[in-house]
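Reading the structure
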Amino acid sequence: MLDPRLCRSFLAVAETRSFTAAARRLGVGQPTVSQHIRRLEDAAGGLLFARDTHAVDLTARGQAMLGFAQTIVDTEDRAERHFRGAELRGRVRLGVSEDFALGELPDILRRLRHSHPLVDVELTVELSDTLAQRLGAGQLDVVLGKRRPGTARGRLLWREPLVWIGSAATVIEPGQPVPLVQYPMPSITRQIAVECLERAGLDWRAACQTSSLTGLRAAATAGLGVSLHARSLIPADLAELPPDCGLPDPGDIEFMLLSRETAEEPAVALAEFVVDRVSASRR
């Protein structure tokens, strides 16, 4: 009755609350996801989602379906691992930049747990350059971080614009130094922000320096200053500042993957898993 393919599409829509986002996650077209949901609703005897042009929400029948669908998908995954042979096991030391940790990482780790449940992850969250140094010292196996465009280091995952962000309380006074909320050195976005302002002939001041994204969000939300951030990973309560705010275009940033050449099998598997998931989510 409940085809695992249909259940995977159902769970993707239930988690993302979007047919479009679910299709990206699964690496298929949106019509395929819609067809899967219709077939599952026919099998279940009623609507699983209440949807309109603005929202997709689970119905009571859909809430009941969640547990069944997850059990079916998990069972299929376990069977596949069993008949494929010995399961991959071991420990991988993973380093991620904090904006990545709050963006793509939860979905990647959740799917890693389903795919390789015996692989343990030791997670480190730090600035990208610091993570790269720790990987070079043999303290990490895989790093997900940022780099300047044109840098050869690492394997490119995706590239996107950097934007100035702030809140409703943010004020940039003409003729006054631009207040920056920034990470400490060697933050890549801090370097780019300072270079960008100085090229434009604008003075700046360090209104707040913080080593965590939580601190950056709090300071920027309070209106202490502006910060640079990747457009697709802007934290909640903050927004891209409009072009008429007088700040120069900061250009792009690239997200990349680094791994040790002598990495063990769990680390190699994680690196390939990350590349596959990021590629599928950004199609």
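Presented here is an overview of the structure given in this document.

Analysis parameters
- Residues numbered from 1 in each chain as written.
- Predicted model: local features only at pLDDT ≥ 70, side-chain atom pairs only at ≥ 80, totals over all residues.
- Heavy atoms only, no water.
- Helix = DSSP H or I, 4+ residues; strand = E, 2+ residues; numbered from the N terminus.
- Polar contact = N/O pair within 3.5 Å; in protein donor to acceptor, adjacent residues only side chain to side chain.
- Contact = heavy atoms within 4.5 Å.
- Buried < 20%, exposed > 50% of the residue type's maximum accessible area, 1.4 Å probe, protein only.
- Pairing = 2+ DSSP bridges.
- Disulfide = S-S within 2.5 Å.
- Salt bridge = Lys/Arg side-chain N within 4 Å of Asp/Glu carboxyl O.
- Axes fitted to C-alpha atoms, helices over the stretch in contact; angles between N-to-C directions.
- Parallel < 35°, antiparallel > 145°, perpendicular 65-115°, else oblique.
- Nonpolar A, V, L, I, M, F, W, Y, C, P; charged D, E, K, R; others polar.
- Core = buried A, V, L, I, M, F, W, Y, C linked by side-chain atoms within 4.5 Å.

**Looking at the side chain of Asp-141**
Its location among the elements puts Asp-141 in the loop between helix 7 (128-136) and strand 5 (142-147). In terms of polar contacts, Asp-141 uses its side chain to reach the backbone amide nitrogen of Arg-93, at 2.8 Å. Looking at Asp-141, its side chain comes within polar contact range of the side chain of Arg-260, at 3.0 Å. Not counting residues within four places of it along the chain, the set of residues in contact with Asp-141 comprises Arg-91, Val-92, Arg-93, Leu-135, Leu-258, Ser-259, Arg-260 and Ala-267.

**Quick notes on the pairing of strand 11 (residues 252-259)**
For strand 11, the buried fraction is high: six of the eight residues fall into the buried class. Looking at chain direction, strand 5 and strand 11 are connected through six bridges and run antiparallel. Paired with Val-143 across the two strands is Leu-258, which belongs to strand 11. With six bridges connecting them, strand 6 (residues 155-166) and strand 11 associate as antiparallel partners. Its bridge partner lying in strand 11, Leu-156 is registered against Met-256.

**Observations concerning the environment of Gly-201**
For Gly-201, the location among the structural elements is in the loop between helix 8 (188-199) and strand 8 (204-209). The spacing of Gly-201 and Pro-248 is 47 residues in sequence and 9.9 Å in space, taken between C-alpha atoms.

**Section: the state of the cysteines**
Scanning the model with the defined rule gives zero disulfides in all. Considering cysteine sulfurs only, Cys-245 is the nearest to Cys-196, which forms no disulfide, with 11 Å between them.

**Some thoughts on the pattern of salt bridges**
All chains considered together, the criterion is met by 15 salt bridges. Here Asp-141 and Arg-93 are joined by a salt bridge, their closest N and O atoms 2.9 Å apart. Of this pair, Asp-141 sits in the loop between helix 7 and strand 5 while Arg-93 sits in strand 3 (residues 89-96); the two residues are 48 residues apart in sequence, bridging distant segments of the chain. A salt bridge links Arg-260 to Asp-141; its shortest N-O distance comes to 3.0 Å.

**Notes on the environment of Val-121**
Position of Val-121 among the secondary structure elements: in strand 4 (residues 118-125). Owing to a relative accessible area of 34%, Val-121 belongs among the partly exposed residues under this scheme. Spatially, the C-alpha atom of Val-121 lies 35 Å from that of Phe-49, the residues being 72 residues apart in sequence. Setting aside residues no more than four positions away along its own chain, Val-121 makes contact with Val-92, Leu-94 and Leu-112.

**Let's talk about the packing of helix 2 (residues 19-26) against helix 3 (residues 30-44)**
To characterise two packed helices, one gives the angle between the axes of the helices and the distance between these axes. Between helix 2 and helix 3, the shortest axis-to-axis distance is 8 Å and the interhelical angle comes to 105°. For the element pair helix 2 / helix 3, the angle class is roughly perpendicular. Where helix 2 abuts helix 3, its residues Phe-19, Thr-20, Ala-22, Ala-23 and Leu-26 lie against Gln-30, Val-33, Ser-34 and Ile-37. Taken together, the residues that form the contact of helix 2 with helix 3 break down as six nonpolar, three polar and no charged.

**So, the nonpolar core**
Residues Phe-100, Leu-144, Leu-157, Trp-164, Leu-257 and Val-274 are the most contacted members of the largest nonpolar core, which totals 40 residues. The biggest single contributor to this core is helix 10 (residues 265-281), with seven residues. Not counting chain neighbours up to four residues away, the residues in contact with Leu-257 comprise Val-142, Val-143, Leu-144, Gly-154, Arg-155, Leu-157, Ala-271, Val-274 and Val-275. Residues Leu-11, Leu-40, Phe-49 and Met-65 belong to the second largest nonpolar core, which totals 21 residues.

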